[in-house]
Amino acid sequence: MFSHVMIGTNDLEKAKAFYDALLGTLGVRPAKVDGHRIFYFTKTGVFSVSKPINGQAATPANGGTIGFAAESPEQADAWHAAGLANGGTSCENPPGVREGSAGKLYLAYLRDLDGNKICAMHRMAT
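Residues numbered from 1 in each chain as written. Predicted model: local features only at pLDDT ≥ 70, side-chain atom pairs only at ≥ 80, totals over all residues. Heavy atoms only, no water.

(A) Seen up close, unusual backbone geometry. The phi dihedral of E92 is positive, around 60°, even though this residue is not glycine. In this structure, E92 sits in the loop between β6 (89-90) and β7 (96-100). (Helix = DSSP H or I, 4+ residues; strand = E, 2+ residues; numbered from the N terminus.)

(B) Region of interest: the packing of aromatic side chains. According to the stated counting rule, one finds 6 aromatic pairs in the structure shown. Centroid distance F18 to Y19: 5.0 Å. Interplanar angle 90°. Geometry classified as edge-to-face. Of the residues examined, F18 reaches a relative accessible area of 1% and is grouped as buried. Looking at Y19, the relative accessible area reads 1%, which means it is buried. Consider the rings of F47 and F68, whose centres lie 5.0 Å apart with planes at 80°: the pair is edge-to-face. (Phe/Tyr/Trp six-rings, centres within 6.5 Å; stacked < 30°, edge-to-face > 60°. Buried < 20%, exposed > 50% of the residue type's maximum accessible area, 1.4 Å probe, protein only.)

(C) Broad picture of the UniProt feature "domain: VOC" (unreviewed entry) in the chain. In the UniProt entry, the feature "domain: VOC" (unreviewed entry) is given for residues 1-123. Between the C-alpha atoms that bound residues 1-123 there is a distance of 19 Å. The span itself is 21% helix and 38% strand. (UniProt positions renumbered as here; feature names shortened; annotations may be inferred.)

(D) Quick peek at empty space enclosed by the protein. All chains considered together, the criterion is met by 1 cavity of 30 Å³ or more. Empty space within the largest cavity amounts to approximately 30 Å³. Contributions of two or more residues to the lining of the largest cavity are made by β1 (4-8) and α1 (12-24). Here the lining of the largest cavity takes 3 residues from α1, the largest share from any one element. Split into classes, the residues belonging to the lining of the largest cavity amount to 6 nonpolar, 2 polar and 2 charged. (1 Å grid on protein atoms, 1.4 Å probe; cavity = no way out; pocket = protein on both sides within 12 Å on 5 of 7 lines; lining within 4 Å. Points joined across faces, edges and corners; volume = space filled by probe spheres on them. Nonpolar A, V, L, I, M, F, W, Y, C, P; charged D, E, K, R; others polar.)

(E) Highlighting helix α2 (residues 73-85). Taking 1.5 Å per residue, 13 residues should reach 18 Å; α2 reaches 18 Å between its end C-alpha atoms and fits that length. Those residues of α2 that fall on the buried side of the exposure criterion are P73, Q75, A76, W79, H80, A82 and G83. Tucked into the core, α2 has its buried residues touching α1, β5 (66-69), β6, β8 (103-111) and β9 (117-123). Backbone geometry just after α2 places G87 at a positive phi near 100°. (Expected span 1.5 Å × (residues − 1). Contact = heavy atoms within 4.5 Å.)

Quick look at the structure:
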């Protein structure tokens, strides 16, 4: 459904270090730098971080969350730990199992260095 997701940052170098460490836990290669943007390419899509083209400050989306697929609860925990170690902050509830209409999920939430809410999600067997 999606070709890519792009979020804003106010410090591209710090964002690259943060996301290189974070996404590395999911097996994603370090970002490719393209001027004022960085790109993470995978078989299933592209994640990008950019300084705003309009020159204004980047701000997080209110109510928005970007989810990254994790292969296991342990991988989601490693993702969360890497985020914390690189300046992210935990948000929502601590990493763990949530059950709802989408089934049984293992979720780990963070806010990145610019306040964007991100999540590692592992869909568990029912």
